[in-house]
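Fold and geometry: a report
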Amino acid sequence: MSKVLIIGNSAATLASARAYHRAGCELFIQGEALNPGFASIATAYNLGGLADFESLKTFTQKIKPDLVFVGPPDPLAAGVVDFFEEQFGIPSVGPKKASTILEASKAFTRDLVEKYKIPGQIRFKTFSSEAGIREFADELGGDFVVKADGLKSGMGVKVSGDHFTTTEEGIDFARECLAESGRVVLEEKLLGEEFSLMSLCDGEHALDLPAVQDFKRALNDDQGPNTGGMGSYIDRGASLPFLKPEDLALASEITQQVLKAMKLETGLPFKGFLFGGFMLTAKGLRLLEYNVRTGDPETITVLSVLKSNFFDLSMALVEGRLNEMKLELEDKAAVAKYIVPKGYPEIRHGGAILQLPTLPPEVEAFPAWVEQVPEGLKMIQGGSVGHRALALLGKGATLTEAEAAVEAVAQKIQGPFTHRSDIATPATIAKKLAHMEALRKRA
Ligand code: AMP
Ligand code: GLY
């Protein structure tokens, strides 16, 4: 039985852990909190920092894993993949530290796309001082986006009209970014529908998982603050209702080109997940960003339809044989919705108890920032503000079926919890289609 060490304790990391479990692996977890979702599938659970090298070393010497899987970005950026290779010769699903710059630096990504003439580029400029910022903001007609240059998972991006209303406010945020990291990116504001494409990458070849859309805002109709993600959906056929085959093909091509460019630019083959964020606009497909890992909550829906053996895919990834692999997917739609404390992301309700109703066979729960107590699942007190309780995943022959299944369970949850009831509903999907249709007509 192959042993996999999983680093991370989020609901999305649990989705990967369950895929390894389905593949017949023995699992070991390094987590910051004791997520009960891992309990029934893991042989051992080591409580410790995700990039605590001493703790990882002791655990690794004891369990002797064959493979390491890294969920969240911080341990990747801290160099855990390099650590396992150098100290133990153990391969990881995840890029080395030097490659994480693709996610950490918005400027690096835009420059890379520019230098290698990769499609999907937009108007942008990087600044290391205030000089020229106002001129560029004016040049973009006041419709611009300000991006901090650093790992801030969505919180470091402000969009005109959404997060600031005047050019002055946008420039103020750019100043803050400069003070923090010495660099800031300004770019044109795009209008369209966003989606993500996650691809397994072995340094040379990329194997795309189904396209997925997530919901970042806290409240229905995309109102309220940005969050770590309120849910996601995938459709049958590995695409999304508003995407044409050529849109998806171009996103895939951009990822292939970024993979090649990364090797040329850093000298390192990129082994792990490339997770591209794209916007389909009236003028075509544009690139927003790359992450170097699996997405949360994207992974929950995407891996739920994976029929291929995830361990075999992972070994092909580390050994550079992904070109020999073919993805087998269940022909189903899937919808995930996060159950969050009421008032999330500002309020946490630490200690609140969530009682999970009996789940029908088509619905699965992915605990997140909760611990198991006799009364149910208890929201963990500590940690940063803004943790989610649990994700519910529904699968079905259609999106409508999958959404209805998950919503029915979500409605039954009592206490100080809430969720977005509009994620992937027929009305929401129709709205997205109409939005794209209207934009295409305007082009
Ligand atoms: P990023 O971390 O670069 O994906 O940005 C976070 C979010 O900000 C994206 O998911 C979009 O919703 C939004 N965003 C980023 N760049 C742009 C852009 N150029 N135009 C409009 N919205 C954007
Ligand atoms: N859903 C966005 C992320 O994982 O960063």
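Whatever comes next refers back to the structure up there.
Residues numbered from 1 in each chain as written. Chains lettered and ligands numbered in written order. Predicted model: local features only at pLDDT ≥ 70, side-chain atom pairs only at ≥ 80, totals over all residues. Heavy atoms only, no water.

The next point concerns the overall build of the chain. Assigned secondary structure in the chain consists of 14 helices and 22 strands. Expected size for 443 residues packed as a compact globule is a radius of gyration near 22 Å; at 21 Å, the chain falls within 12% of this value. The principal-axis extent of the C-alpha atoms belonging to the chain is close to 60 × 50 × 40 Å. Put simply, the chain has 443 residues, and 55% of those count as buried. Counting only contacts in the chain whose residues sit at least 6 apart along the sequence, the fraction spanning at least 24 positions is 69%. Carbon together with sulfur atoms contributes 51% to the accessible area of the chain, which is approximately 17800 Å² in total. (Helix = DSSP H or I, 4+ residues; strand = E, 2+ residues; numbered from the N terminus. Rg over C-alpha atoms; globule rule 2.2 N^0.38 Å. Buried < 20%, exposed > 50% of the residue type's maximum accessible area, 1.4 Å probe, protein only. Contact = heavy atoms within 4.5 Å. Areas by Shrake-Rupley, 256 points an atom, 1.4 Å probe, with all protein chains shown as cover.)

This part is about helix H14 (residues 426-442). Over its 17 residues, H14 runs 24 Å from end to end, which matches the ideal 24 Å to within 8%, given 1.5 Å per residue. For H14, the full list of buried residues reads Thr428, Ile429, Lys432, Met436 and Leu439. Down the axis of H14, the smallest arc covering the buried residues is 105 degrees, so these residues share one side. Of the exposed residues in H14, those oriented more than 90 degrees away from the buried face are Ala427, Lys431, Lys441 and Arg442. (Expected span 1.5 Å × (residues − 1). Arc of directions from axis to C-beta.)

Taken as a whole, this structure holds three cavities of 30 Å³ or more when the rule is applied. The space that makes up the largest cavity amounts to roughly 70 Å³. Taken together, Leu102, Glu103, Ser105, Lys106, Thr109, Arg110, Lys147, Glu187, Leu287, Leu288, Glu289 and Tyr290 form the lining of the largest cavity. For the lining of the largest cavity, the leading source of residues is strand S15 (residues 284-291), giving four residues. Split by residue class, the lining of the largest cavity holds four nonpolar, two polar and six charged. (1 Å grid on protein atoms, 1.4 Å probe; cavity = no way out; pocket = protein on both sides within 12 Å on 5 of 7 lines; lining within 4 Å. Points joined across faces, edges and corners; volume = space filled by probe spheres on them. Nonpolar A, V, L, I, M, F, W, Y, C, P; charged D, E, K, R; others polar.)

A word on the sheet that holds strand S3 (residues 42-47). Taken in spatial order, the five strands line up as S3-S2-S1-S4-S5 in an open sheet, and their pairing is parallel. Strands with a single pairing partner mark the edges of an open sheet, and in this sheet they are S3 and strand S5 (92-93). Pairing of strand S2 (residues 26-31) with S3, which is carried by five bridges, proceeds in the parallel orientation. Its bridge partner lying in S3, Phe28 is registered against Ala44. The sheet strands contacting helix H3 (residues 53-63) are strand S1 (3-7), S2 and S3, and the helix crosses S2 at an angle near 165 degrees. Strands in contact with helix H12 (residues 310-319) are S1, strand S4 (67-70) and S5; relative to S4, the strand with the most contacts, it is inclined by about 95 degrees. (Pairing = 2+ DSSP bridges. Axes fitted to C-alpha atoms, helices over the stretch in contact; angles between N-to-C directions.)

Another aspect to go through is H3. Of the residues making up H3, those classed as buried are Ser55, Leu56, Phe59, Thr60 and Ile63. Within H3, the buried residues cover an arc of 125 degrees as seen down the axis, which keeps them to one side. Turned more than 90 degrees away from the buried face of H3, the exposed residues are Glu54, Thr58 and Lys62. In this fold, the buried residues of H3 make contact with S1, S2, S3 and helix H5 (80-88). A positive backbone phi angle near 50 degrees is found at Lys64, which sits one or two residues after H3.

Note: strands within a sheet are paired through backbone hydrogen bonds, in either parallel or antiparallel orientation. Ordered by their spatial adjacency, four strands build an open sheet running S11-S10-S14-S15, and the pairing between neighbours is antiparallel. Two strands lie at the open edges of the sheet, namely strand S11 (206-208) and S15, each paired on one side alone. Shown here is a sheet whose adjacent strand axes are inclined to one another by a mean of 35 degrees, direction ignored. Across ten bridges, strand S10 (residues 193-202) lies against strand S14 (residues 271-281) in antiparallel orientation.

In this structure, the amide linkage connecting Asp296 to the following residue, Pro297, adopts the cis form with an omega of 15 degrees. Tracing the sequence through the fold places Pro297 in the loop between S15 and helix H11 (298-302). For the bond running from Tyr344 to Pro345, omega is 5 degrees, close enough to zero to count as cis. With a phi angle near 50 degrees, Lys64 is a residue other than glycine that sits in the positive phi range. Along the chain, Lys64 turns up in the loop between H3 and S4. Exposure remark for Lys64: the relative accessible area of 58% places this residue in the exposed category. Within the chain, Ala424 stands out as a residue other than glycine whose phi angle is a positive 60 degrees.

Right, let's get into the packing of helix H7 (residues 106-115) against helix H10 (residues 245-266). The contact between H7 and H10 brings their axes to 10 Å, and the two run at 100 degrees. In this view, H7 runs roughly perpendicular relative to H10, as classed from their interaxial angle. For the pair H7 and H10, the contacting residues are Phe108, Leu112 and Lys115 in the first and Val258, Ala261, Met262, Glu265 and Thr266 in the second. Among the residues making up the contact of H7 with H10, the classes are represented as five nonpolar, one polar and two charged. (Parallel < 35°, antiparallel > 145°, perpendicular 65-115°, else oblique.)

In the vicinity of ligand 1, 15 residues are found, and the nearest of them are Lys106, Lys147, Leu190, Glu194 and Glu289. In this structure, an oxygen atom belonging to ligand 1 sits 2.8 Å away from a side-chain N or O atom of Lys147. In the environment of ligand 1, a nitrogen atom lies 3.0 Å from a nitrogen or oxygen atom belonging to the side chain of Glu187. When residues of the shell around ligand 1 are traced back to their parent elements, those giving at least two are strand S7 (144-148), strand S8 (157-159), strand S9 (184-188) and S15. Looking at the shell around ligand 1 residue by residue, the class counts come to seven nonpolar, no polar and eight charged. (Near = heavy atom within 4 Å. Polar contact = N/O pair within 3.5 Å; in protein donor to acceptor, adjacent residues only side chain to side chain.)

With that settled, consider the environment of Ala352. Mapped onto the elements, Ala352 comes out in the loop between strand S16 (333-341) and strand S17 (353-354). Overall, the relative accessible area of 12% leaves Ala352 in the buried class. With 161 residues separating them along the chain, Ala352 and Leu191 place their C-alpha atoms 39 Å apart. Setting aside its immediate chain neighbours within four residues, Ala352 contacts Leu377, Lys378, Met379, Pro416 and Phe417.

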